[in-house]
Amino acid sequence: MPDLATRAFVHRLRATLGLPVYGLVDWNSWGVGVLLTYKLGSARLGVESHRYTVDVAWLGLRASQIDRFDVPAVCMQPLTARDKKRGEGIMAHPWVAGRRDWLDEIQAQLDKDFKCELEAMALAPPRERGKGKLSFQNLSHFVEEAIVARDWLE
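What counts, and at which threshold
- Residues numbered from 1 in each chain as written.
- Predicted model: local features only at pLDDT ≥ 70, side-chain atom pairs only at ≥ 80, totals over all residues.
- Heavy atoms only, no water.
- Phe/Tyr/Trp six-rings, centres within 6.5 Å; stacked < 30°, edge-to-face > 60°.
- Helix = DSSP H or I, 4+ residues; strand = E, 2+ residues; numbered from the N terminus.
- Buried < 20%, exposed > 50% of the residue type's maximum accessible area, 1.4 Å probe, protein only.
- Contact = heavy atoms within 4.5 Å.
- Salt bridge = Lys/Arg side-chain N within 4 Å of Asp/Glu carboxyl O.
- Core = buried A, V, L, I, M, F, W, Y, C linked by side-chain atoms within 4.5 Å.
- Axes fitted to C-alpha atoms, helices over the stretch in contact; angles between N-to-C directions.
- Left-handed = near helix turned anticlockwise from the far one by under 90°.
- Nonpolar A, V, L, I, M, F, W, Y, C, P; charged D, E, K, R; others polar.
- Expected span 1.5 Å × (residues − 1).
- Polar contact = N/O pair within 3.5 Å; in protein donor to acceptor, adjacent residues only side chain to side chain.

K.L.:
Honestly, the packing of aromatic side chains in this entry has me stumped. Any pointers?
P.N.:
What describes a pair of aromatic rings is the distance from one ring centre to the other and the angle between the planes of the rings. Under the counting rule described, the total for this entry stands at 3 aromatic pairs. Ring centres of W58 and W102 lie 4.8 Å apart, and the angle between their planes is 50°; on these two criteria the pair is classed as tilted. With W58 in strand β2 (residues 56-60) and W102 in helix α6 (residues 100-112), this pair connects stretches of sequence that are 44 residues apart. Residue classification places W58 among the buried residues on the basis of a relative accessible area of 2%. Judged by centre distance (5.1 Å) and plane angle (90°), the rings of W95 and W102 are edge-to-face. You can call W102 buried: its relative accessible area is 0%. Aromatic ring contacts, followed pair by pair, group W58, W95 and W102 into a single cluster.

K.L.:
How should I be thinking about the side chain of K115 in this particular structure?
P.N.:
In this fold, K115 is placed in strand β4 (residues 114-115). Residue K115 is classed as buried on the basis of its relative accessible area of 14%. For K115, the residues in contact, after removing those within four places along its chain, are W27, N28, C75, M76, Q77, P78, L79, T80, D83 and Q109.

K.L.:
Just to check I follow, could you spell out the pattern of salt bridges for this structure?
P.N.:
Any two side chains of opposite charge can pair, given that their charged atoms come close. As enumerated under the stated definition, the model contains 6 salt bridges in all. In this structure, the salt-bridge partner of D113 is K84, at a minimum N-O distance of 3.2 Å. Of this pair, D113 sits in the loop between α6 and β4 while K84 sits in helix α4 (residues 81-92), placing them 29 residues apart in sequence. Residue D113 is classed as partly exposed on the basis of its relative accessible area, which comes to 30%.

K.L.:
Help me understand the nonpolar core, please; the structure alone is not making it clear to me.
P.N.:
The tendency in soluble globular proteins is for nonpolar side chains to be buried side by side. Ranked by internal contacts, the top residues of the largest apolar core, which has 20 residues, are V32, L36, W58, V96, W102 and I106. Those elements that provide at least two residues to this core are α2 (29-40), β2, α4, α5 (94-97) and α6. Dropping the residues within four chain positions of it, V32 is found in contact with V25, W58, I90, W102 and I106. Core analysis: the second largest hydrophobic core is formed by 9 residues, W27, L61, V71 and C75 among them.

K.L.:
How do you make sense of the packing of α2 against α4 when you look at a structure like this?
P.N.:
Packed helix pairs are characterised by how far apart their axes lie and by the angle those axes make with each other. Interhelical geometry of α2 versus α4 gives an angle of 35° and a closest axis separation of 9 Å. In this structure, α2 crosses over α4, and the sense of that crossing is left-handed. Across from S29, W30, V32, G33 and L36 in α2, the residues of α4 making contact are R82, D83, R86, G87 and I90. Looking at side-chain class alone, the contact of α2 with α4 contains 4 nonpolar, 3 polar and 3 charged residues.

K.L.:
How should I be thinking about helix α1 (residues 4-17) in this particular structure?
P.N.:
The α-helix advances 3.6 residues per turn, and as a result positions three or four apart in sequence lie on the same side. Its 14 residues give α1 an end-to-end C-alpha distance of 20 Å, which sits within 8% of 20 Å, the value for a rise of 1.5 Å per residue. Sitting at the amino-terminal end of α1 is D3, which places a side-chain oxygen 3.1 Å from the backbone nitrogen of A5. Positive backbone phi, approximately 70°, marks G18, located one or two places after α1.

Purely spatial values, then, with no claim about function.
Structure representation (structure tokens):
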């Protein structure tokens, strides 16, 4: 989970400068948990939690992007029982349960029974802008294209 200092810093940037906040996390239930901690806070802080929340948009990595960019099988890892339990727990969260797009993305991962870390994307070969597979060499193009296309979940 993100540490409190980082959450406070991101909150301050958003509140002071009005910058949009986009989340780019691993494609697994733990990555979604990181996003939700920024967005909703953490149970550990109780009533103080809202002081460090920020309206983060889920830019990626999502099931629809894994399919669209034809991520190589070598980048995928099977979900563990712990991953599945975490994903099911996230889907049961009242905030998530009320958002069909978030539910669909999490369910798609559970259905596929795989996960992918951002670091694994470096194994994918470089691509021409807008075509083919992702890699770190052009991850910035992915981010730019997603933002321009407004391809994120609120």
